[in-house]
Amino acid sequence: MTSSIKPYWKNYIDGAWVDGAAGRLTVDNPGTGGVAAEVALADAGDVDRAVMAARRVHESGELSAMRPVLRGRMVRKIGDYLLAHIDEIALALTHEAGKPIWESKIEIEGAARYFEYYGNQAETVEGRSIPLGDGYFDFTTHEPRGVSAQIIPWNFPLEMIARGISAAFATGNTCVVKTPELTPLASTYFANAAEYAGFPAGALNIICGYGHEAGTALSAHPGVDHIVFTGSVGTGIRIATAAAQNVVPCVLELGGKSAAIVHNDADIDAFLNDVRWGIFFNAGQVCSAMSRVIAHESIHDELVERMTSVATSLSVGPGLDRLEVGANMGSMVSVSQRDRAAGLCETAISEGAKAATGGHKLNLPGAYLAPTVFADVAPDNTIAQEEVFGPVISVLKFREDAEAVKIANNSNFGLVGGVFTRDLDRATTAARQIKAGQVFVNEWYAGGVETPFGGYGKSGYGREKGREALWNYVQTKNIAIKLPSA
Ligand code: NAD
């Protein structure tokens, strides 16, 4: 198989591959320090055409009036297409994102899984009948919202698009997807997949453009009925404001600073495996990463030492060379993201944290940061408060159970949290007290597409994944019938 990708990638509007009215954008390859390709750059006019195409399909009833089982089968076929083209898509994703090929494949498999799950859910969205007493017959129905705007971050572009459009299509909506500037290439395969699955032209539109231009135009467009945004808090606030001005609902999936509480009766070997996946997978650029560990003081030093071994066991380098699952890690997504993370490491050291390993850039072309473990972190240190979005884990100490939960909750975010112990009472008490949308007991990332996901606090609102997400994409109508008197 060739290891190169095509040099120019177009946008997809109303069933056609098109240039962008704003020109082209160069997409870097952060794994090599070179260029990955160019992508078409949409302006507000392109966004308008995409929204109008999606509106036309919505209003035609082509998707919304279809028998749900048939729509569900089409949704599942999108996933089939992704899996059938996994090598090609993974190559594009690794070129633009720097992640190892095997991680790109995991992302594509994860994306395909959304289409399986929501394809299967399509025919389960049922209303209910509400008793109103003699002489009435009342029932509810769930109707698609219409045009769903999906604004996507760069860290898992394929999974994030899949998460939104699978549920949107399953419930009969149409979509306009604004891909991230840093990783827009592999996302274009969803257009091929939707064509293969039989979706009509205009049902799915995929455009890349600057956030301040195409993103702003999409979130403020009066033809959009619903917005799903995944990304940073600042942008989320802007998007929620735009949504409020058009009086349309939005879902915000924002950042995190999630903590694992580790008690001294925890299975430490299993926990170390979770550290490997929890903070070093995707070079730590995961919204629900395990970025803080709150360790019981009796095991703190042992944990720091063993977490350091996990970090130093990783071979860090170009994702294109890393085909098989292994103890390795790719680059971060861009030099500026890497430099931001390195800056937060410098701040951590200046505030008194100790780098047990890492805390610095790697001397490789591209965007590499050493896998990093910080010890002696205080709960209010910047490194314990700000999302690094890189391979950096901070270890804090606790003595009493209540203190551990207090430290875990000492954050503006509340995306996920974890507790590691063999004591089920202790685990369930902490699980109830942790302020987060998901709590993992004894396995970080326990759950899946089936389990609802979303934030407390500044991590956002609304839920994606699980059956909960279906309700984002529909509006409930109640129909009350006064029956003729007998
Ligand atoms: P970002 O907010 O900079 O950008 C996200 C998207 O918004 C991009 O497509 C961007 O072009 C667009 N955008 C930027 N400004 C805009 C504007 N004014 N109007 C409309 N759109 C605009 O975020 P990012 O740096 O790409 O992603 C990283 C962040 O995403 C992290 O904070 C991470 O935690 C979060 N994230 C959250 C989840 C989750 O499910 N909770 C998942 C992945 C990433």
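All figures in this text were calculated on a predicted structure; none of them were measured in a lab. (Residues numbered from 1 in each chain as written. Predicted model: local features only at pLDDT ≥ 70, side-chain atom pairs only at ≥ 80, totals over all residues. Heavy atoms only, no water.)

Overview of the overall build of the chain
- Secondary structure assignment for the chain yields 14 helices and 22 strands.
- Against the 2.2 N^0.38 benchmark of 23 Å for 486 residues, the chain shows a C-alpha radius of gyration of 23 Å, consistent with a compact globule.
- C-alpha atoms of the chain, sized along the principal axes, occupy 75 × 60 × 40 Å.
- In the chain, which comprises 486 residues, the proportion classed as buried is 58%.
- Contacts spanning at least 24 positions in sequence make up 73% of the contacts within the chain whose residues lie at least 6 apart.
- The distance from the centre of the 41 positive side-chain charges to the centre of the 54 negative ones in the chain is 3 Å. (Helix = DSSP H or I, 4+ residues; strand = E, 2+ residues; numbered from the N terminus. Rg over C-alpha atoms; globule rule 2.2 N^0.38 Å. Buried < 20%, exposed > 50% of the residue type's maximum accessible area, 1.4 Å probe, protein only. Contact = heavy atoms within 4.5 Å. Lys, Arg positive; Asp, Glu negative; His and termini not counted. Charge placed at Lys NZ, Arg CZ, Asp CG, Glu CD.)

Notes on helix H2 (residues 68-84)
- Between its first and last C-alpha atoms H2 spans 24 Å; for 17 residues at 1.5 Å apiece the expected length is 24 Å, and the two agree.
- Here H2 has its buried residues at Val69, Arg71, Gly72, Met74, Val75, Ile78, Gly79, Tyr81 and Leu82.
- Looking at the packing, one finds that the buried side of H2 touches helix H3 (86-97), helix H4 (101-121), helix H5 (157-170) and helix H6 (189-197). (Expected span 1.5 Å × (residues − 1).)

As for empty space enclosed by the protein
- Scanning the entire structure with this criterion turns up 5 cavities of 30 Å³ or more.
- Quantified by volume, the largest cavity comes out at close to 60 Å³.
- As for the largest cavity, its lining consists of 13 residues, of which Ala289, Ser291, Glu387, Val388 and Phe389 are closest to the centre.
- The residue inventory of the lining of the largest cavity, partitioned by class, reads 7 nonpolar, 4 polar and 2 charged. (1 Å grid on protein atoms, 1.4 Å probe; cavity = no way out; pocket = protein on both sides within 12 Å on 5 of 7 lines; lining within 4 Å. Points joined across faces, edges and corners; volume = space filled by probe spheres on them. Nonpolar A, V, L, I, M, F, W, Y, C, P; charged D, E, K, R; others polar.)

Thoughts on helix H1 (residues 44-60)
- Across its 17 residues, H1 extends 24 Å between first and last C-alpha, which sits within 8% of the 24 Å expected from 1.5 Å per residue.
- Every buried residue of H1 is accounted for by Asp46, Val47, Ala50, Val51, Ala53, Ala54, Arg55, Val57 and His58.
- Where H1 is buried, its residues meet strand S2 (11-13), strand S6 (136-144), strand S7 (147-151), strand S8 (174-179), strand S9 (204-208) and helix H7 (211-220).
- Note on H1: the residue one or two positions beyond its end, Gly61, has a positive phi of about 80°.

Some words on the pattern of salt bridges
- Tallied over the full model, the rule gives 19 salt bridges.
- Its salt-bridge partner being Arg55, residue Glu59 comes within 2.9 Å of it at the nearest N-O pair. With Glu59 and Arg55 both in helix H1 and 4 residues apart, this pair spans about one turn of that helix.
- Look at Arg55 and you get buried, because its relative accessible area is 16%.
- In this structure, the salt-bridge partner of Glu464 is Arg163, at a minimum N-O distance of 3.8 Å. Of this pair, Glu464 sits in the loop between strand S21 (460-461) and strand S22 (474-482) while Arg163 sits in helix H5, placing them 301 residues apart in sequence. (Salt bridge = Lys/Arg side-chain N within 4 Å of Asp/Glu carboxyl O.)

Some details on the state of the cysteines
- In the structure shown here, the tally under the stated rule is 0 disulfides.
- For the unlinked cysteine Cys250, the closest cysteine sulfur is that of Cys175, found at 16 Å. (Disulfide = S-S within 2.5 Å.)

Thoughts on the pairing of strand S5 (residues 34-40)
- Note that strand S1 (residues 8-9) and S5 share 2 bridges and pair parallel. Residue pairing in the sheet places Trp9 in a bridge with Val39 of S5.
- Taken together, the 6 bridges between strand S4 (residues 24-29) and S5 define a ladder with antiparallel strand orientation. Its bridge partner lying in S5, Thr26 is registered against Glu38.
- Adjacent in sequence and paired antiparallel, S4 and S5 are bridged by 4 residues, among which Gly33 carries a positive phi angle near 85°. (Pairing = 2+ DSSP bridges.)

Remarks on the nonpolar core
- Counting residues in each nonpolar core, the largest one holds 132 residues, and the members touching the most others are Phe169, Phe190, Phe199, Phe271, Val293 and Met307.
- No other element matches H5, which puts 9 residues into this core.
- Shared between two domains, this core holds at least three residues of each, these being domain 1 (8-254 + 461-477) and domain 2 (258-448).
- The next biggest cluster of nonpolar side chains, apart from the first, holds 25 residues, and it includes Val18, Ile151, Val224 and Leu254. (Core = buried A, V, L, I, M, F, W, Y, C linked by side-chain atoms within 4.5 Å. Domains from an automatic or database assignment.)

Focus on the side chain of His226
- One can find His226 in strand S10 (residues 226-230).
- Looking at His226, the relative accessible area reads 1%, which means it is buried.
- Among the polar contacts made by the side chain of His226, one reaches the side chain of Ser148 at a distance of 3.1 Å.
- Contacts of His226, omitting those with residues within four sequence positions, involve Arg145, Val147, Ser148, Ala149, Val248, Pro249, Val251, Asn472 and Tyr473. (Polar contact = N/O pair within 3.5 Å; in protein donor to acceptor, adjacent residues only side chain to side chain.)

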